[in-house]
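Residue strings, one per chain:
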Amino acid sequence: MMMLRSAILLLIIVSQCDGQSADTLLTNALIYDGVAIEPVKGDVAIKDGKIIAIGESLPHAAKLEIDCTGKVLCPGFIDLHNHSDRQIISGATRANVNYLLQGCTTVVTGNCGSGPVDVAKYYKQIDSAGAGTNIAHLLPQGGLRLEVLGSERRKPTAAELTKMLELANKAMHDGAWGMSTGLIYVPSSYADTEELVAIAKVVSKHHGIYASHIRGEGGGLLDSVQEAMDIGKEANLPVHISHFKSSGQSNWGLVRVAVKVIEEARKKGQIVTADQYPYRASSTSL
Ligand SMILES: [Zn+2]
């Protein structure tokens with residue numbers, strides 16, 4: 001009787017192991033999990049698009065097994081400064097293959113104040129035929145202002161400001177991750193700090209971020225960094241400075257001073273980050 005029980009138990013254990021099937025099994029990879037500093041060697045089992053097990057010599061049977069010996073396995077990269085707003089809803093480019101081939105599985109659109117303002121409609125367009133990467137969209141403040149004030153260089157009326165705040169609230173409700181500004185571009189640049197704070201406060205209510213192409217990336221760098229940080233402080237939301245640099249030979253080195261200013265703010269508890277591209281050229285539209 002005892003032997004029979006043991007045999008039954010063994011059978012159950014074996015069948016449970018057999019039952020652990022996966023769609024994909026990646027073996028012998030050098031795994032960086034994005035948290036631990038040191039990588040570990042092992043296998044990763046995936047089922048229904050989700051990781052179901054990580055470990056050494058996993059017993060899972062899988063339809064697809066890939067030997068990753070000599071290869072690194074890590075979470076997909078996020079390209080947080082991207083301008084593929086239009087390409088991601090176009091048939092020819094929505095697969096976003098160029099990003100996938102670089103390991104990017106999420107791209108952030110709506111940067112520098114430009115891009116779709118109706119976030120629900122935009123996400124629907126993306127989902128209607130799918131996209132090769134995940135998309136996290138920022139509400140573009142330039143586009144928002146254009147919709148309410150056109151390209152007029154003046155302060156908004158009370159009614160216009162209310163309209164912008166309503167649209168910002170809707171965009172955040174519909175899944176925007178924050179707002180972006182492009183303060184060298186018309187009409188984003190026509191907004192003063194006070195107007196930006198008002199919109200940022202709405203974004204903050206939804207736990208969004210403030211990402212900014214700041215007003216000046218040359219001689220005005222320090223004032224512009226300060227403005228971004230002031231907006232973050234007043235509206236109580238994280239600040240991200242896009243493509244951080246000091247342009248123009250006479251301003252070279254200014255970025256080091258700006259870094260110190262940012263570090264001081266971070267020491268005091270403010271969330272401020274920046275991104276920088278690893279080359280000296282830059283491009284823009286006129
Ligand atoms: Zn920009």
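## Some remarks on the sheet that holds strand β13 (residues 272-274)
Phase 1 of the analysis: Taken in spatial order, the 5 strands line up as β9-β10-β11-β12-β13 in an open sheet, and their pairing is parallel. Here the strands that pair on one side only, and so sit at the sheet edges, are β9 (139-140) and β13.
Phase 2 of the analysis: Bridge count between strand β10 (residues 178-182) and strand β11 (residues 209-213): 5 bridges; the pairing is parallel. Looking at β11, one finds that serine 180 is bridged to alanine 211.
Phase 3 of the analysis: Along the sheet face, helix α7 (residues 221-235) touches β11, β12 (239-241) and β13 and points at about 160° away from the line of β12.

## Some thoughts on the coordination of the zinc ion
Phase 1 of the analysis: Taken together, the protein ligands of the zinc ion are Cys112 (SG), His213 (ND1) and His243 (NE2), with distances of 2.1 to 2.2 Å.
Phase 2 of the analysis: Judged by its relative accessible area of 8%, cysteine 112 is buried.

## Quick look at the domain arrangement of the protein chain
Phase 1 of the analysis: Domain annotation of the protein chain identifies domain 1 (23-75) and domain 2 (77-274).
Phase 2 of the analysis: Just the C-alpha atoms count here: the centres of domain 1 and domain 2 sit 35 Å apart.

## Remarks on the environment of alanine 211
Phase 1 of the analysis: Inspection of the secondary structure assignment puts alanine 211 in strand β11.
Phase 2 of the analysis: On the basis of relative accessibility, which here comes to 3%, the residue alanine 211 falls in the buried class.
Phase 3 of the analysis: Ignoring anything within four residues of it in the chain, the contact list for alanine 211 reads Leu138, Met179, Ser180, Thr181 and His240.

## Considerations on the environment of threonine 181
Phase 1 of the analysis: Considering the arrangement of structural elements, one finds threonine 181 in strand β10.
Phase 2 of the analysis: For the pair threonine 181 and leucine 25, spaced 156 residues apart in sequence, the C-alpha separation works out to 43 Å.
Phase 3 of the analysis: Contacts of threonine 181, omitting those with residues within four sequence positions, involve Cys112, Gly113, Gln141, Ser188, Leu196, Tyr210, Ala211, Ser212 and His213.
Phase 4 of the analysis: There is a polar contact of 2.7 Å between the side chain of threonine 181 and the side chain of serine 212.

## Considerations on the packing of helix α4 (residues 141-149) against helix α5 (residues 158-173)
Phase 1 of the analysis: Relative to each other, α4 and α5 sit at 135°, their axes nearing to 10 Å. Regarding the angle of α4 to α5, the classification is oblique. Every pair of crossing elements has a handedness; the one defined by α4 and α5 is right-handed. Along the contact surface, α4 presents Leu144, Arg145, Glu147, Val148 and Leu149, while α5 presents Glu160, Lys163, Met164, Leu167 and Ala168.
Phase 2 of the analysis: By residue class, the composition of the contact of α4 with α5 is 6 nonpolar, no polar and 4 charged.

## Overview of the sheet that holds strand β7 (residues 104-109)
Phase 1 of the analysis: Spatial strand order, β6-β7-β8: 3 strands in an open sheet with parallel pairing. Edge positions in the sheet fall to β6 (77-79) and β8 (134-137), since each of these pairs with one other strand and no more. Taken over all neighbouring pairs, the strand axes of this sheet differ in orientation by 25° on average, direction set aside.
Phase 2 of the analysis: Two elements, β6 and β7, share 3 bridges in a ladder whose sense is parallel. Within β7, the position partnered with aspartate 79 by the bridge is valine 107.

Rules and cut-offs
Residues numbered from 1 in each chain as written. Predicted model: local features only at pLDDT ≥ 70, side-chain atom pairs only at ≥ 80, totals over all residues. Heavy atoms only, no water. Pairing = 2+ DSSP bridges. Helix = DSSP H or I, 4+ residues; strand = E, 2+ residues; numbered from the N terminus. Contact = heavy atoms within 4.5 Å. Axes fitted to C-alpha atoms, helices over the stretch in contact; angles between N-to-C directions. Donors = N, O, S within 2.8 Å, 3.2 Å for Na, K, Ca; no water. Buried < 20%, exposed > 50% of the residue type's maximum accessible area, 1.4 Å probe, protein only. Domains from an automatic or database assignment. Polar contact = N/O pair within 3.5 Å; in protein donor to acceptor, adjacent residues only side chain to side chain. Parallel < 35°, antiparallel > 145°, perpendicular 65-115°, else oblique. Left-handed = near helix turned anticlockwise from the far one by under 90°. Nonpolar A, V, L, I, M, F, W, Y, C, P; charged D, E, K, R; others polar.

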